[in-house]
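Notes for the structure review
Residue-level listing of the chains:
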Amino acid sequence: MVIWEFVLATEKEFEEVISMSHGIYAGLDYLPSRYHSWVNEKDRMVVLAKKEGDVIGLLSMFVVDGGETALLEGLRVAPWERGRGVAGVLQRFCCQLVKHRYPSVKVMRLTRDDKLSQRSLNKYRVIDKQGILLVRFNAPEFSSRLSSIPLPAGPSRSSPPTLLSPDEVHAVFLERGGLLKDLLPNQTLIQDWQPFSGASWEL
């Protein structure tokens with residue numbers, strides 16, 4: 001009988017998590033740069049699946065929209081444990097944990113970037129799709145090639161860019177009439193794969 005243990009992630013499991021997710025996104029996995037902030041982020045829980053004390057899976061849950069939506073993201077399963085049902089059991093455990101800790105959550109959204117089969121798609125409602133192109137290049141070489149490309153002349157910039165405060169960003173993008181309605185699909189902001197409803201977006 002397989003016995004899995006589920007625990008909240010801490011800083012000390014970082015090396016195990018990185019080892020488990022080695023090779024994801026052709027070595028450009030975003031998780032190493034976010035793990036520490038995720039572990040300490042308010043309204044986020046990062047759950048690890050362990051087998052005989054070793055980390056074999058990870059799933060993050062982030063509660064947004066004033067406590068009404070939970071985003072499930074960052075699913076990882078160790079390569080040597082894939083195909084054994086770890087992901088499904090981990091997702092079910094995390095959904096129950098969210099319901100227990102955040103009774104106000106009405107919707108759970110699973111963010112994925114892999115190509116789903118039609119059978120899998122039938123279980124979900126797709127709210128948005130995006131493509132990601134990962135590019136590696138040598139910075140000095142890229143800079144020299146970029147400078148050789150003739151670009152059309154643009155308007156001259158008379159002053160440096162202005163850094164907006166969070167309140168100013170909120171006013172420009174969320175409060176001025178028409179922007180959400182005219183530019184954003186279903187009044188939804190997509191930030192780093194995470195859909196937030198415009199009405200409850202917090203900066």
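Preceding block: the structure.
Throughout what follows, the structure given in this document is the object of discussion. Because the structure is predicted, anything quoted here is derived from the model rather than measured.

Let us now look at the nonpolar core. Formed by 32 residues in total, the largest nonpolar core has its most connected members in Val17, Tyr35, Leu48, Leu58 and Met61. The leading source of residues in this core is strand 3 (residues 54–64), at 6 residues. Ignoring any residue separated from it by four or fewer positions in sequence, one finds leucine 48 in contact with Glu5, Phe6, Val7, Ala9, Glu13, Val17, Tyr35, Val55, Gly57 and Leu58.

Despite not being glycine, aspartate 43 shows a phi value in the positive range, around 65°. Of note, aspartate 43 is situated in the loop between helix 2 (31–40) and strand 2 (44–51). In this structure aspartate 43 comes out as partly exposed when scored by relative accessible area, which is 28%. Positive phi, close to 55°, is recorded for glutamate 52, a residue that is not glycine. One can find glutamate 52 in the loop between strand 2 and strand 3. Judged by its relative accessible area of 76%, glutamate 52 falls in the exposed class.

Right, let's talk about helix 2 for a bit. One turn of the α-helix equals 3.6 residues, which is why residues spaced by three or four share an orientation. Three or more residues of helix 2 are buried, namely Leu31, Tyr35, Trp38 and Val39. Down the axis, helix 2 shows its buried residues gathered within 90° of arc, on one side only. Opposite the packed face of helix 2, turned more than 90 degrees from it, sit the exposed residues Ser33 and Asn40. Considering only its buried residues, helix 2 is in contact with helix 1 (14–20), strand 2, strand 3 and strand 4 (69–77).

The rules behind these values
Residues numbered from 1 in each chain as written. Predicted model: local features only at pLDDT ≥ 70, side-chain atom pairs only at ≥ 80, totals over all residues. Heavy atoms only, no water. Core = buried A, V, L, I, M, F, W, Y, C linked by side-chain atoms within 4.5 Å. Buried < 20%, exposed > 50% of the residue type's maximum accessible area, 1.4 Å probe, protein only. Helix = DSSP H or I, 4+ residues; strand = E, 2+ residues; numbered from the N terminus. Contact = heavy atoms within 4.5 Å. Arc of directions from axis to C-beta.

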